[in-house]
Amino acid sequence: MKTSKKIFLLSINIFIIILVLSCSKKQNKIHETQSHTQQKQTDLEINVHQSSLNKKFKKCYVTFDPDGCEGNHLFKVFIQNNTNSNYYWGFNIAREQNLSDKVYSDQYRIINCKEFIYNGKKMLPTGSTLLDSGESEFTYKRIGASNPTGGFHGREKFTEISFFTDGNLLNDITTEFEMRGCETFTYIQKSIIYRDDYSHTEDAAHLKITKFSDSGYLTKNTITAKVVIPINTCFGSLVSFSLDVAEKGSASNHEKVVIFNQDGNRKLEGYCDMLSVWNDSKKLSANIESMFSIYNDYATQCIWDHRYYGKYYRYFQNISLNKGESWSFETKVTFNKL
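Residues numbered from 1 in each chain as written. Predicted model: local features only at pLDDT ≥ 70, side-chain atom pairs only at ≥ 80, totals over all residues. Heavy atoms only, no water.

### A closer look at the side chain of Asp-203
1) Next: Relative to the assigned elements, Asp-203 resides in strand β11 (residues 202–213).
2) Next: The buried category is assigned to Asp-203, whose relative accessible area is 0%.
3) Next: Polar side-chain contacts of Asp-203 include one of 2.9 Å to the side chain of Arg-142. (Helix = DSSP H or I, 4+ residues; strand = E, 2+ residues; numbered from the N terminus. Buried < 20%, exposed > 50% of the residue type's maximum accessible area, 1.4 Å probe, protein only. Polar contact = N/O pair within 3.5 Å; in protein donor to acceptor, adjacent residues only side chain to side chain.)

### Quick notes on the packing of aromatic side chains
1) Next: According to the stated counting rule, one finds 32 aromatic pairs in the structure shown.
2) Next: Taking the centre distance of 6.2 Å and the plane angle of 50 degrees together, the rings of Phe-235 and Tyr-315 count as tilted. In this pair, Phe-235 sits in strand β13 (residues 229–241) while Tyr-315 sits in strand β20 (residues 310–321), placing the two residues 80 residues apart along the sequence.
3) Next: Assessed through its relative accessible area of 14%, Phe-235 is described here as buried.
4) Next: With a relative accessible area of 12%, Tyr-315 lands in the buried category.
5) Next: Ring geometry for Phe-316 against Trp-327: centres 5.4 Å apart, planes inclined by 75 degrees, an arrangement best described as edge-to-face. With Phe-316 in strand β20 and Trp-327 in strand β21 (residues 326–337), the pair connects residues that are 11 residues apart, well separated along the chain.
6) Next: The ring of Phe-177 has Arg-180 sitting right over it, with the charged end atom 3.8 Å from the ring centre. (Phe/Tyr/Trp six-rings, centres within 6.5 Å; stacked < 30°, edge-to-face > 60°. Lys NZ or Arg CZ within 6 Å of the ring centre and 35° of its normal.)

### A few points about the environment of Ala-225
1) Next: With respect to the helices and strands, the residue Ala-225 is situated in strand β12 (residues 216–225).
2) Next: C-alpha separation for the pair Ala-225 and Ala-204, spaced 21 residues apart in sequence, amounts to 4.3 Å.
3) Next: Among all residues touching Ala-225, those that are not within four sequence positions of it are Asp-203, Ala-204, Leu-321, Asn-322, Lys-323, Gly-324 and Glu-325. (Contact = heavy atoms within 4.5 Å.)

### Observations regarding the confidence of the model for the protein chain
1) Next: With 84% of its residues at a pLDDT of 70 or more, the protein chain shows a mean pLDDT of 89.
2) Next: Residue range residues 23–27 is modelled with pLDDT below 50. Its contacts to residues more than four positions away, or to other chains, number zero contacts. (pLDDT = per-residue confidence, 0-100.)

Listed below in structure tokens is the structure:
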């Protein structure tokens, strides 16, 4: 009995020792995993912390590359987010030039926008996109035309172009520069919009003033007809939102939220001049406000719930713009970090 009792007690002790060693190994593995995770902490997270320590960042930074867009001018305009000063919206404004008969375009326009974090030395992309490729300023479609005219769709050439930081004209747009700090950036373009034909018949003069400030941009587009233009659809406001922003949306009734599913239909359609979209997982949102000089109370707005983007339209249809007559359209887009 004594021998059996000794064997039993010895077995218990051995079991306790094995259990303690096993727990110790598990704890070591947990500590190793935690240490590994900390070592794997992204540069982005580190720079969020670093940038939060610096309260002296400018509201706007501008970078210019004279050959940055297929050998043509490219401005990168970084606008500080109002709700979280660590984040910046990086707009690319490019000179697009293609004088083939099919496209016939030479103009400056917003081509996309992405999200960045500034660490005090350089802008670091987060991987999120705010504006996709497509038109985000202005275009219209003539009755009988196969495609819209102006902007992304071509058949538009600039006659004058000016760029401003804080209202001061940039006299030199041949020399590259980086991260020029300011409060606002504006470009003013005068152009001719041409008919959808191969003879390049002049349709209208177009004045575009786009100002980047206050966590987004404001674009005002004025067209003055050179001939009578029978308009099928005048797209006074367009914004090509990325799916990183346009996951959900609401219009005048903020209690009615639509979840976009990229089915190709038009959502939130109605007579209104304000709309909001957001993405909870990306923590991004945008508000759109617009004002038309004509049919402001009757222009339709909607989101085209497309598989590539959630595109905002505000438009009216089937009206002629008479020779010498002018229409103007303002659109304000404000992005925020949720």
